[in-house]
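Analysis of the macromolecular model
What follows is the residue order along each chain.
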2 protein chains.
Amino acid sequence: MLKPGISDVQGQVVERSLPALGWENVSGVRVGKHLEFEIEGSSVESIREQVEQMCERFLANTVIEGFRVDIDA
Amino acid sequence: MLKPGISDVQGQVVERSLPALGWENVSGVRVGKHLEFEIEGSSVESIREQVEQMCERFLANTVIEGFRVDIDA
């Protein structure tokens, strides 16, 4: 997801399209990426640490993007 | 998120890149879109129904994509 303050053009396009479809009560649309995968590891803590490294070094552009890690153990 | 059985090329590219970066324990990578927004309504039920309609009619291509709705009330 783009960080707060970074203009989200894709979200703006979605938001401007909604009233014409009858939905006038939606604001603040932000569009980001969602990744799911399986990962093997010995503990939730070590897996979380690895996934955060994967996001910081490869999956996210941390200059403009934030990320959140959810783990289903 | 693409439905199971629909080939996810973007996810495959990510998955094939991971071992070269030292992460060999990741499989089944799937890449989808994530949208966040504020929405005004009188009940969680009516909001969920509206968002499901928005996904089915506009935000998702339900031929190939599934979707999940999470509400922070």
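The structure this text deals with has already been given above.
What you see is a predicted model; the values in this text were computed from it and never measured. (Residues numbered from 1 in each chain as written. Chains lettered and ligands numbered in written order. Predicted model: local features only at pLDDT ≥ 70, side-chain atom pairs only at ≥ 80, totals over all residues. Heavy atoms only, no water.)

A closer look at the layout of surface pockets
Short version of the rule: In the cavity and pocket records, a cavity denotes points on a 1 Å grid over the protein atoms alone where a 1.4 Å probe fits but cannot get out, a pocket denotes an open set with protein on both sides within 12 Å along at least 5 of 7 lines, and lining residues are residues with an atom within 4 Å of a point. Grid points are joined across faces, edges and corners, and a volume is the space filled by probe spheres set on the points. The numbering of helices and of strands both runs from the N terminus, where a helix is a DSSP run of H or I of at least 4 residues and a strand a run of E of at least 2. Any residue outside Ala, Val, Leu, Ile, Met, Phe, Trp, Tyr, Cys, Pro, Asp, Glu, Lys and Arg is labelled polar, Gly included; the first ten of those are nonpolar and the last four are charged.
In this structure, the largest pocket spans a volume of roughly 1900 Å³. Lining the largest pocket we find 48 residues, and of these His34 and Arg68 of chain A together with His34, Arg68 and Asp70 of chain B sit closest to its centre. Counting only elements with at least two residues in the lining of the largest pocket, the list comes to strand E1 (26–39) and helix H2 (44–59) of chain A together with strand E1 (26–39) and helix H2 (44–59) of chain B. Counting residues per element, the lining of the largest pocket draws most heavily on E1 of chain A, which supplies eight residues. Looking at the lining of the largest pocket residue by residue, the class counts come to 28 nonpolar, six polar and 14 charged.

Description of H2 of chain B
Our working rule: One fewer than the residue count of a helix, multiplied by 1.5 Å, yields its expected span. Partly exposed residues are those whose accessible area sits between 20% and 50% of the maximum for their type, while under 20% is buried and over 50% is exposed, using a 1.4 Å probe and protein chains only. Regarding the arc, it is the one traced by the directions from the helix axis to the C-beta atoms. Contact between two residues is taken to exist if any of their heavy atoms lie within 4.5 Å; hydrogens are not considered.
Taking 1.5 Å per residue, 16 residues should reach 22 Å; H2 of chain B reaches only 20 Å between its end C-alpha atoms and comes up short. Of the residues making up H2 of chain B, those classed as buried are Ile47, Gln50, Val51, Met54, Cys55 and Leu59 of chain B. Buried residues of H2 of chain B fall within an arc of 140° about the axis and therefore sit on the same side. Opposite the buried face of H2 of chain B, by more than 90 degrees, sit the exposed residues Glu45, Glu49 and Arg57 of chain B. Lining the buried residues of H2 of chain B we find helix H1 (9–17) and E1 of chain A together with E1 of chain B.

Overview of the interface of chain B and chain A
As a reminder of what qualifies: We define a salt bridge as a side-chain nitrogen of Lys or Arg found within 4 Å of a carboxyl oxygen belonging to Asp or Glu. Any pair of N or O atoms that falls within 3.5 Å is considered a polar contact. Within protein, one atom must be able to donate a hydrogen and the other to accept it, and sequence-neighbouring residues count only if both atoms are side-chain atoms. Strands qualify as paired when DSSP identifies two bridges or more between them.
In this assembly, 29 residues from chain B lie in contact with 29 residues from chain A. Along the contact surface separating chain B from chain A lie zero salt bridges. Along the contact surface separating chain B from chain A lie ten residue pairs in polar contact (both at pLDDT 80 or more). Secondary-structure elements contributing two or more residues to the side of chain B that touches chain A are helix H1 (9–17), E1 and H2 of chain B. A per-element tally of the side of chain B that touches chain A places E1 of chain B first, with 14 residues. In the sheet, E1 of chain A pairs with E1 of chain B via eleven bridges, with the strands oriented antiparallel. When the bridges of E1 of chain B are listed, lysine 33 of chain A appears paired with lysine 33 of chain B.

Overview of the environment of phenylalanine 67 of chain B
Residue and element names in this part refer to chain B. When you line up the elements, phenylalanine 67 lands in the segment after H2. Placed twelve residues apart in sequence, phenylalanine 67 and cysteine 55 show a C-alpha to C-alpha distance of 7.2 Å. Excluding its chain neighbours within four sequence positions, the residues that come into contact with phenylalanine 67 are Glu52, Cys55, Glu56, Ala60 and Thr62.

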